[in-house]
Amino acid sequence: PPHSPHASPRLLPAPLLSSRVRPGFPAVISDLNRPNSKFNGVQIGTITYSYRSMPDQSAEAMLGYLLDSGINAVELMGDPAENFAGRPESRLPRGFRPGAPPPPDMTTAQRQQRDEMLAELASYNRELAIWRASVPMTKFEQLRRMYEDAGVSIYAWKPSVFEVDSTDAEINYGFRVAKALGASHCTVELPQSSAQSLRLGRLAERNGVYIAYHTHEQASIDIFNSAFSQSDFNRSNVDLGHYVAAPEGRDPLAFIAAHHDKISSAHLKDRQLQENGAGNLSWGTGDTPLVQILQTVRDQRYTFPITAELEYQIPEGSNAVLEVAKCVEFCRNVLEA
C-alpha cells in the first residue's frame, strides 16, 4: 500500500529487521549491528531498483531490504523518497506507458480512454510540479537521518526531474533534494542532446551537486566526452556490465583507466558479450570481468562507489534481498582476497 507521509519515520516492517537493531535504539547498541559493505576501501552499494520485485516499495521497506542485504550505502530512486515526503498520488492505472505507440487496431472507445489518460497525466504532472516547487526539505532531511541512524548513507539520488521537458525549477528541486539526502550526485540517463547535458551541467554547478550520466548498450570509450568538456559537474554513472554488452564498449577496464577521475559511481552486473547473447547472468557466470574491475578499484584506490545492480532473473525460491546479498558477498570475497 502507498506510504503515508504521516507514518513514523523510524518504524520499519518488523520481519525485515528481525535480526537487525531498529533505528532509534541507543547508538551504543546500534553500532554493534550496523551493516558494512565497504571492503578494503571499496564502497559497495546498490540501487533501490534492485528491489523492484519486493512487495513494499516504501522508503522504510527499502531500508529494511538494505540492512538485510548487509549494505551501508545506496543510490536511491526517486519514488521512495518522494512518497516519503508526501508526493501526490497518481490516479493513473499502474503500468500505463504514455510513450508507447498505440496499437493500430485500437477501437474508438480505447482511443478515447487513452486520450483521457494522457489528459490525466498532463494534469498530474502540473500538480506534481507545483508540489515539487513548494515541498520543504524537512521530510527529505528526516529520511536521511532515518537511513544514517541505521548505518546507511545515500550517495546518489535518481529522480525523474532531469528530462528535456523539465523546467529549471524542477531540475533545481532535484539537486536540492540530493543535498538534503546527503547525496554527492544525482543520476540520469545520458541525454541524446548535448544542449541538455550542457544545461544540466550548468544547473548542477550552480547547486553544487554533480550530475552523473548512466548508459546502456550505447556506451563507448568516448561517449561522455562532450558532457565532460561542458562542465566539471558533468560526471559518469557508467554501467560496467552494460558496457561489456555494448558494441563499442566491451572492455570496461579501459574505460575505468581513461575516466576514473570523472566517475561519480559505477553500476556493476554480469552481462555477456553480444556474440554470446548479451544476457544478464548471476555473478561469476557472464563475461563482465568482475574480479578485475573490483580489484582495480581497490588497488588503484579509486574512491567512487560500486553499485551492485540486480538485473538477472531471480531463482525460484529466492528473492531480491537474498540475491543482492549474494552480489555483496561476491564483492567481499574478491576484495578481501
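Residues numbered from 1 in each chain as written. Predicted model: local features only at pLDDT ≥ 70, side-chain atom pairs only at ≥ 80, totals over all residues. Heavy atoms only, no water.

Another aspect to go through is the packing of aromatic side chains. Summed over all chains, the structure comprises 12 aromatic pairs. Where Phe 140 meets Tyr 173, the ring centres are 6.4 Å apart and the plane angle is 70 degrees; that geometry is what we call edge-to-face. With Phe 140 in helix α5 (residues 138-149) and Tyr 173 in helix α6 (residues 168-181), this pair connects stretches of sequence that are 33 residues apart. Assessed through its relative accessible area of 0%, Phe 140 is described here as buried. Considering the side-chain rings of Trp 283 and Phe 330, the 5.8 Å spacing of their centres and the 80 degrees angle between planes classify their relative orientation as edge-to-face. Taken together, the residues span a long stretch of sequence, with Trp 283 in the loop between β10 (280-281) and α11 (290-299) and Phe 330 in helix α12 (residues 320-335) at a distance of 47 residues. (Phe/Tyr/Trp six-rings, centres within 6.5 Å; stacked < 30°, edge-to-face > 60°. Helix = DSSP H or I, 4+ residues; strand = E, 2+ residues; numbered from the N terminus. Buried < 20%, exposed > 50% of the residue type's maximum accessible area, 1.4 Å probe, protein only.)

Another point: the environment of Ile 154. Of note, Ile 154 is situated in strand β4 (residues 153-158). The exposure class assigned to Ile 154 is buried, which follows from its relative accessible area of 4%. Along the backbone, Ile 154 and Gly 45 are 109 residues apart, and their C-alpha atoms lie at a distance of 9.3 Å. Residues within four places of Ile 154 in sequence aside, it is in contact with Val 74, Leu 76, Tyr 147, Leu 181, Gly 182 and Ala 183. (Contact = heavy atoms within 4.5 Å.)

Here the focus is α11. For an α-helix the count is 3.6 residues per turn, leaving residues at separations of three or four pointing the same way. Within the sequence span of α11, burial applies to Leu 290, Ile 293, Leu 294, Val 297 and Arg 298. Summarising the axial view, the buried residues of α11 lie within an arc of 130 degrees, below the 170-degree limit, and thus occupy one face. Arg 301 sits one or two residues past α11 and shows a positive phi near 60 degrees. (Arc of directions from axis to C-beta.)

Notably, Asn 40 is not glycine yet its phi reads approximately 50 degrees, a positive angle. With respect to the helices and strands, the residue Asn 40 is situated in the loop between β1 (38-39) and β2 (42-47). With a phi close to 60 degrees, Ala 278 is a non-glycine residue in the positive phi region. Here Ala 278 lies in the loop between β9 (270-271) and β10.

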